[in-house]
Amino acid sequence: MKSPIRPTDNEARALVRDLIHNARFAGLAYTDKADGTPMISRVALVSGPNGALLSLMSDLSHHSAALQHNSLCALLIGEPEGKGDPLTHPRLSLRATADFVRHGEAGHAPLAEAFLSKQPKAKLYIGFADFALVRFTALSAHLNGGFGKAYVLNTDDIVEAMR
């Protein structure tokens with residue numbers, strides 16, 4: 001049987017760039033701190049400086065505590081638009097690590113500015129003491145570009161896509 005995975009090309013990288021640039025939220029998969037089982041949440045997500053993926057999380061949230069315990073996670077980016085079979089719409093499954101950047105720490109200000117430019121309502125709580133920006137660093141990804149368009153991307157592919 002022939003592999004369904006296509007070689008990663010500029011078309012795939014452009015689709016990754018579009019999915020990330022247009023993202024406003026994502027599914028976040030993480031490992032539950034209490035029992036080690038998988039869990040998923042919906043989080044706000046934006047592309048920040050140099051293609052960084054950013055979210056804003058309260059320390060009170062279950063997923064924030066889990067990521068502070070184990071930074072390995074995954075994001076599902078891309079939502080079906082319009083009509084048709086949702087499984088034919090592009091989506092990116094991204095393996096990543098999460099790094100918390102707190103108010104007052106080096107680099108927080110430009111990340112906060114980038115986040116607020118795409119999620120302006122977060123201005124109401126971005127300065128709260130229990131909130132931190134979370135920067136996701138991509139490790140690898142699977143791109144489903146639509147029917148018959150599957151790709152596996154490594155870190156270099158993702159970095160190149162974000163240029």
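Criteria and cut-off values
- Residues numbered from 1 in each chain as written.
- Predicted model: local features only at pLDDT ≥ 70, side-chain atom pairs only at ≥ 80, totals over all residues.
- Heavy atoms only, no water.
- Buried < 20%, exposed > 50% of the residue type's maximum accessible area, 1.4 Å probe, protein only.
- Helix = DSSP H or I, 4+ residues; strand = E, 2+ residues; numbered from the N terminus.
- Arc of directions from axis to C-beta.
- Contact = heavy atoms within 4.5 Å.
- Polar contact = N/O pair within 3.5 Å; in protein donor to acceptor, adjacent residues only side chain to side chain.
- Phe/Tyr/Trp six-rings, centres within 6.5 Å; stacked < 30°, edge-to-face > 60°.
- Patch = residues over 30% accessible without salt bridge, like charges linked within 9 Å, V, L, I, M, F, W, Y side chains within 5 Å.
- Areas by Shrake-Rupley, 256 points an atom, 1.4 Å probe, with all protein chains shown as cover.
- Salt bridge = Lys/Arg side-chain N within 4 Å of Asp/Glu carboxyl O.

Asker: Could you give an account of helix H3 (residues 108–118), naming the residues involved and the relevant values?
Answerer: Along an α-helix, residues three or four apart share an orientation, since each turn contains 3.6 residues. The set of residues buried in H3 consists of His108, Leu111, Ala112, Ala114 and Phe115. Down the axis of H3, the smallest arc covering the buried residues is 165°, so these residues share one side. Away from its buried face, by an angle of more than 90 degrees, H3 presents the exposed residues Ala109, Glu113 and Ser117. Where H3 is buried, its residues contact strand S3 (38–44), strand S4 (46–47), strand S5 (53–58), strand S7 (91–102) and strand S8 (131–144).

Asker: Give a detailed account of the environment of Ala44, specifying residues and quantitative values.
Answerer: By the element assignment, Ala44 lies in strand S3. On a C-alpha basis, the gap between Ala44 and Gly27 in space is 9.0 Å, while along the polypeptide they are 17 residues apart. For Ala44, the residues in contact, after removing those within four places along its chain, are Arg24, Phe25, Leu54, Ser55, Phe115 and Gln119.

Asker: Summarise the side chain of His63; cite the residues concerned and give the values.
Answerer: As for its position among the elements, His63 is in helix H2 (residues 62–69). The class for His63 is buried, based on a relative accessible area of 14%. Of note is the side chain of His63, whose polar atom sits 3.3 Å from the side chain of Ser41. If sequence neighbours within four positions are ignored, His63 has contacts with Leu28, Tyr30, Ser41, Val43 and Met57.

Asker: Got a sec to walk through the side chain of Ser61? Specific residues and values, please.
Answerer: Counting through the fold element by element, Ser61 comes out in the loop between S5 and H2. Engagement of the side chain of Ser61 in a polar contact is seen with the backbone oxygen of Ser58, the distance being 2.8 Å.

Asker: Break down the packing of aromatic side chains for me, with residues and values.
Answerer: Summed over the entire model, instances satisfying the criterion amount to 2 aromatic pairs. Seen in terms of ring centroids, Tyr125 and Phe131 are 5.1 Å apart; in terms of plane orientation they differ by 40°. Their pairing is tilted. Measuring from centroid to centroid gives 6.1 Å for Phe128 and Phe131, while their planes differ by 70°, and the two rings are edge-to-face. Under the relative-accessibility criterion, Phe131 is labelled buried at 15%. The structure contains a cluster of three or more aromatic residues connected by ring pairs, namely Tyr125, Phe128 and Phe131.

Asker: Now, about a nonpolar patch on the surface: what can you tell me, with residues and values included?
Answerer: Side chains of Leu124, Tyr125 and Phe128 sit close together on the surface and give an oily, nonpolar patch of about 330 Å² of accessible area. Note that Phe128 resides in the loop between H3 and S8.

Asker: Describe the pattern of salt bridges, and please don't skip the residues or the numbers.
Answerer: What the rule picks out here adds up to 6 salt bridges. The salt bridge partner of Glu160 is Arg13, with a shortest N-O separation of 3.8 Å. Here Glu160, found in helix H4 (residues 155–161), pairs with Arg13, found in helix H1 (residues 10–22); they are 147 residues apart in sequence, far enough to count as distant. For Glu160, a relative accessible area of 35% puts it in the partly exposed group. Of the charged contacts in the structure, one is a salt bridge between Arg42 and Glu79, with a shortest N-O distance of 3.7 Å. Here Arg42, found in strand S3, pairs with Glu79, found in the loop between strand S6 (72–77) and S7; they are 37 residues apart in sequence, far enough to count as distant. Among the residues examined, Glu79 registers a relative accessible area of 39% and is labelled partly exposed.

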